[in-house]
Every structure is written in structure tokens, then in C-alpha cells.
Amino acid sequence: MNKVMFTGGGSAGHVTVNMALMPLFLEEGWSVDYVGSAGGIEKDLVSTLPEVKYFPISTGKLRRYLDIQNVKDPFKVVKGAFQAYTLIKQRKPQVVFSKGGFVSVPVVVGAWLNRVPVIIHESDITPGLANRISIPMASFVCTTFPETAEQINSAKSRYVGAVVRKELHQGSADRGRDFCGFQRNQFVLLIMGGSLGARKINEAVRSALPTLLNYFQVVHICGKGQIDPNINEPGYRQYEYINDELPDVLAMSDLVVSRAGSNSIFEFLSLQKPMLLIPLTRQQSRGDQILNAHSFEKAGYCKVLEEENLNEDSLVSSLMEVFKNRREMIENMKNNEHSDALSTVFDLIKETANHK
């Protein structure tokens, strides 16, 4: 039996591409393993695919700031690398596919020590820290943006475009409205702060609700533990996270407010959803979301609102600008050249496995 191992975690963005690929391997009868952290979001997401065997390992966090945990975490990473090495030796995958995130580094090291080929996927314009550490040990690096190839060994780089889950295009607006209890004659605004939530976006949205509800029905995905039980306004629904119903919620949505993680914004692009993007600041990240957002704004797909400028008034005025220009944005998105990145990456993984 053919065997493939996936890794990636820390946020949903480091799992969604894997979630798009794994069902394709299961359909073809492959044995599919997933290596992640013991308590990360990746474990919850992968649990929706019971045929996939999940293996937790020790992992640290790759921080760019001073923290006492920086002293302890290298030992966790080394422990995780030994665990991954032993696991890969036992499971004998023909290929390892890594989506990045701090949990992926020990797995890539373990695969490299076992001489198992590794394929990495990088969603953002600039490679993340985990992927930069892992790239020298990889056979191929699949990129979403063509600009990323300039920063990677050209012999390893494969520009594939955005990997989008097939099920996102199978949503029903009617099912989405039934799920949220929304009317069919009013525009719908979707707010997504990322899988871990975005407190400042949540606060601005809730402050602006009296105004927003004059124009939109609002579905608010606010992150774990960030629901406000004191708000019970007609036309406003809040959820910590939406999984199975997300294609339906997206199908009914007319505008989207979101962070600027690459996986999410390319999904909105493929669904032709006008966007207001609020990227993570450089203090919160390496600046990749800022680059992603301005790339999309330049292409005419969105408007960008920097978090430093985010408040009730700027949120409302920016949203009304997106609403005003929504038809133009949709036309720009229709002109975007769509590639079948999912099939391209699927075929590359199989080809690499067969040539091991």
C-alpha cells in the first residue's frame, strides 16, 4: 500500500491545504498519516477525517521575540525530532508533505534523517521561519505566489498557485441562510478574524454593530472563547469557529472582512468575494499578511485597512467603500487566471513517492 505523511499546524492556515489533499489520497486507497502537536488546532481539524491516523509529537514555538520559553523550546524540538524520526522509521511513508508551522520542523528533520523525500508548501510571498529552516532538507517547495521563487533555490521551487478546497465551491446560499436564520432579501457580511480569533477586529465589529446592521446581516466568526453572550441582536450571529457549514456561509456572503492569511484570501478570490483585509501588524508577525493584502489590493480584489487605523468609524467607512466598489472587484476577480493547484500538488506528491 502507498503511504504518505502530512504535517503542519499552529493555525488553521497551516492545515487547510493538507485538508484539501488528504481526501484525494484516501480516495485512491493510500495510507495517510498526520503528525501534529498534542493540543493544536490541527488535531481537531484532522479528527474530521477518521481514516487518517494522527500522531502527536513534542514541539516548541519558533518565536521572534524574547521569552523564557525560548530556553526550553529547543529541547522540545529536539525531542520532537527524535519522536518523528522513530515514527517515520516505523510507518515508512514514501513521502512527507509539510504545510509549515512550528510543529513541522521536527517532522522534516525526522524525514531527512530517514532519507524520505519532503515536499513543502509555502502560502505567503515570503517563506515563514519554519519553512526557511526546513527548505534545505526538502526535495521541492510549492509556492502560491510567483515572487516566492526568487527567495528559494530555483531547482526546488515549483510555482503552483493557490490550493483551494473543492468543497468550498459546493456551498449553498439557502443552506447558509437557514443555518444562520437570516432573511433572503438583505446583504450578508462575513467577519473572519482567523482560526485563533482577532480581539481588536471583534471589538471594532461589536462597536459598529448598530450601524452595520442597518445595511447587513452579520455572521461573525470570532475565535475560541471570544463570543460575547451579552449581544443578541436580530441579524447578528456569532460563532467561535465554523467547519462543515463554512461553504454554505461563504456562498450566502456578499462581503468579507478578514485577516490576510494567504490560504483564506485565495479562497475568497476563487469564490469572488469582495474583501476588506485587516492584516496582522509587523509587531504581531513577520509582515507576510501585509504583503499579501497589498498584493490583492493592487490587483483590485480588496481594500486594505491597517490594524493601527482600525476603529468603529474606519471599519464602517472602509466597508461602505468595498460595498460601493463590489461589482468592480468581482469583475477583477473574474479576470484572474485560476490554476488547478490542488491537482498539480497532488500529482507532484504521487510522482515523488513513486520515485523514492
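Provided above is the structure to which this section pertains.
Below, the structure is looked at part by part. (Residues numbered from 1 in each chain as written. Predicted model: local features only at pLDDT ≥ 70, side-chain atom pairs only at ≥ 80, totals over all residues. Heavy atoms only, no water.)

### Notes on the sheet that holds strand 1 (residues 3-7)
For step 1, the next point in the chain: Here we have 7 strands laid out as an open sheet, ordered 3-2-1-4-5-6-7, and parallel in their pairing. Only two strands of the sheet have a single partner each, and these edge strands are strand 3 (53-56) and strand 7 (157-159). Ignoring strand direction, the axes of neighbouring strands in this sheet form an average angle of 20 degrees.
For step 2, the next point in the chain: With 4 bridges joining them, strand 2 (residues 31-36) and strand 3 adopt parallel strand pairing. Looking across to strand 3, one finds that Gly36 is bridged to Pro56.
For step 3, the next point in the chain: The sheet contacts of helix 1 (residues 16-27) involve strand 1, strand 2, strand 4 (95-98) and strand 5 (118-122), and relative to strand 1 the element is tilted by about 165 degrees. (Pairing = 2+ DSSP bridges. Helix = DSSP H or I, 4+ residues; strand = E, 2+ residues; numbered from the N terminus. Axes fitted to C-alpha atoms, helices over the stretch in contact; angles between N-to-C directions. Contact = heavy atoms within 4.5 Å.)

### Description of helix 7 (residues 199-212)
For step 1, the next point in the chain: A rise of 1.5 Å per residue sets the reference length of helix 7, with its 14 residues, at 20 Å; its end C-alpha atoms lie 18 Å apart and thus fit the reference within 8%.
For step 2, the next point in the chain: Bending of helix 7 peaks at approximately 35 degrees at the position of Arg206, with proline Pro210 no more than four residues after it.
For step 3, the next point in the chain: Where helix 7 is concerned, the buried positions are Ile201, Asn202, Ala204, Val205, Arg206, Ala208, Leu209 and Leu212.
For step 4, the next point in the chain: Those residues of helix 7 that are buried are in contact with strand 8 (188-192), strand 9 (217-221), strand 10 (236-239) and helix 11 (312-324). (Expected span 1.5 Å × (residues − 1). Bend = angle between axes of the 7 residues up to and from the residue. Buried < 20%, exposed > 50% of the residue type's maximum accessible area, 1.4 Å probe, protein only.)

### Description of the nonpolar core
For step 1, the next point in the chain: Counting 59 residues, the largest nonpolar core has Leu189, Val218, Val219, Met275, Phe296 and Leu315 as the members making the most contacts within it.
For step 2, the next point in the chain: Per-element accounting of this core gives the leading share, 6 residues, to helix 7.
For step 3, the next point in the chain: When near neighbours in sequence (up to four residues on either side) are disregarded, Leu189 contacts Leu212, Phe216, Gln217, Val218, Val219, Leu255, Val257 and Leu319.
For step 4, the next point in the chain: Counting residues in hydrophobic clusters, the runner-up holds 34 residues, among them Phe6, Trp30, Leu49 and Val163. (Core = buried A, V, L, I, M, F, W, Y, C linked by side-chain atoms within 4.5 Å.)

### What to know about the pattern of salt bridges
For step 1, the next point in the chain: This model, assessed by the stated rule, comprises 10 salt bridges.
For step 2, the next point in the chain: Across the pair Asp178 and Arg184 runs a salt bridge, and its minimum N-O distance is 3.0 Å.
For step 3, the next point in the chain: Residue Asp178 is classed as exposed on the basis of its relative accessible area, which comes to 53%.
For step 4, the next point in the chain: Assessed through its relative accessible area of 47%, Arg184 is described here as partly exposed.
For step 5, the next point in the chain: Residues joined in a network through salt bridges with shared partners are Asp174, Arg177, Asp178 and Arg184. (Salt bridge = Lys/Arg side-chain N within 4 Å of Asp/Glu carboxyl O.)

### Let's talk about empty space enclosed by the protein
For step 1, the next point in the chain: Applying the stated criterion to the full structure yields 1 cavity of 30 Å³ or more.
For step 2, the next point in the chain: Counted as a void, the largest cavity has a volume near 30 Å³.
For step 3, the next point in the chain: In terms of residues, the lining of the largest cavity owes the most to one element, helix 9 (residues 262-271), which gives 3 residues.
For step 4, the next point in the chain: Within the lining of the largest cavity, the residues separate by chemical class into 3 nonpolar, 4 polar and no charged. (1 Å grid on protein atoms, 1.4 Å probe; cavity = no way out; pocket = protein on both sides within 12 Å on 5 of 7 lines; lining within 4 Å. Points joined across faces, edges and corners; volume = space filled by probe spheres on them. Nonpolar A, V, L, I, M, F, W, Y, C, P; charged D, E, K, R; others polar.)

### A closer look at the state of the cysteines
Where two cysteines share a covalent bond between their sulfur atoms, that bond is called a disulfide.
For step 1, the next point in the chain: Counted according to the given criterion, the structure contains 0 disulfides.
For step 2, the next point in the chain: As a non-bridged cysteine, Cys180 has Cys222 as the owner of its nearest cysteine sulfur, 12 Å distant.
For step 3, the next point in the chain: On the basis of relative accessibility, which here comes to 0%, the residue Cys222 falls in the buried class. (Disulfide = S-S within 2.5 Å.)

### A few points about helix 11
For step 1, the next point in the chain: Between its terminal C-alpha atoms helix 11 stretches 19 Å, which fits the 18 Å expected from 13 residues at 1.5 Å a residue.
For step 2, the next point in the chain: Elements that come into contact with the buried residues of helix 11 comprise strand 8, helix 7, strand 11 (255-258), strand 12 (275-277), strand 13 (302-304) and helix 12 (326-334).
For step 3, the next point in the chain: Of the residues that open helix 11, the one with a side-chain oxygen 3.0 Å from the backbone nitrogen of Asp313 is Asn311. (Polar contact = N/O pair within 3.5 Å; in protein donor to acceptor, adjacent residues only side chain to side chain.)

### Remarks on the packing of aromatic side chains
For step 1, the next point in the chain: Going through the model one piece at a time under the given rule, you end up with 12 aromatic pairs.
For step 2, the next point in the chain: When the centroid spacing of 5.9 Å and the interplanar angle of 70 degrees are considered together, the rings of Phe6 and Phe25 count as edge-to-face. You can see Phe6 sitting in strand 1 and its partner Phe25 sitting in helix 1, a full 19 residues away along the chain.
For step 3, the next point in the chain: Residue classification places Phe6 among the buried positions, given a relative accessible area of 0%.
For step 4, the next point in the chain: For Phe25, a relative accessible area of 0% translates into the label buried.
For step 5, the next point in the chain: For the pair Phe296 and Tyr301, a centre-to-centre distance of 5.3 Å together with 85 degrees between the ring planes defines the contact as edge-to-face. The burial state of Phe296 is the same as that of Tyr301; both residues are buried.
For step 6, the next point in the chain: Aromatic ring contacts, followed pair by pair, group Phe6, Phe25, Trp30, Phe97 and Phe346 into a single cluster. (Phe/Tyr/Trp six-rings, centres within 6.5 Å; stacked < 30°, edge-to-face > 60°.)

### Quick word on the layout of surface pockets
The method is simple in principle: a probe with the dimensions of a water molecule rolls over the atoms, and the space it marks as empty is what remains.
For step 1, the next point in the chain: In this structure, the second largest pocket encloses a volume near 510 Å³.
For step 2, the next point in the chain: What lines the second largest pocket is a set of 27 residues, and nearest its centre among them are Ala162, Phe266, Leu269, Asn336 and Glu337.
For step 3, the next point in the chain: Those elements that place two or more of their residues in the lining of the second largest pocket are helix 9, helix 10 (288-298) and helix 13 (341-354).
For step 4, the next point in the chain: A total of 3 residues in the lining of the second largest pocket trace back to one element, the largest contributor, which is helix 9.
For step 5, the next point in the chain: Among the residues making up the lining of the second largest pocket, the classes are represented as 14 nonpolar, 8 polar and 5 charged.

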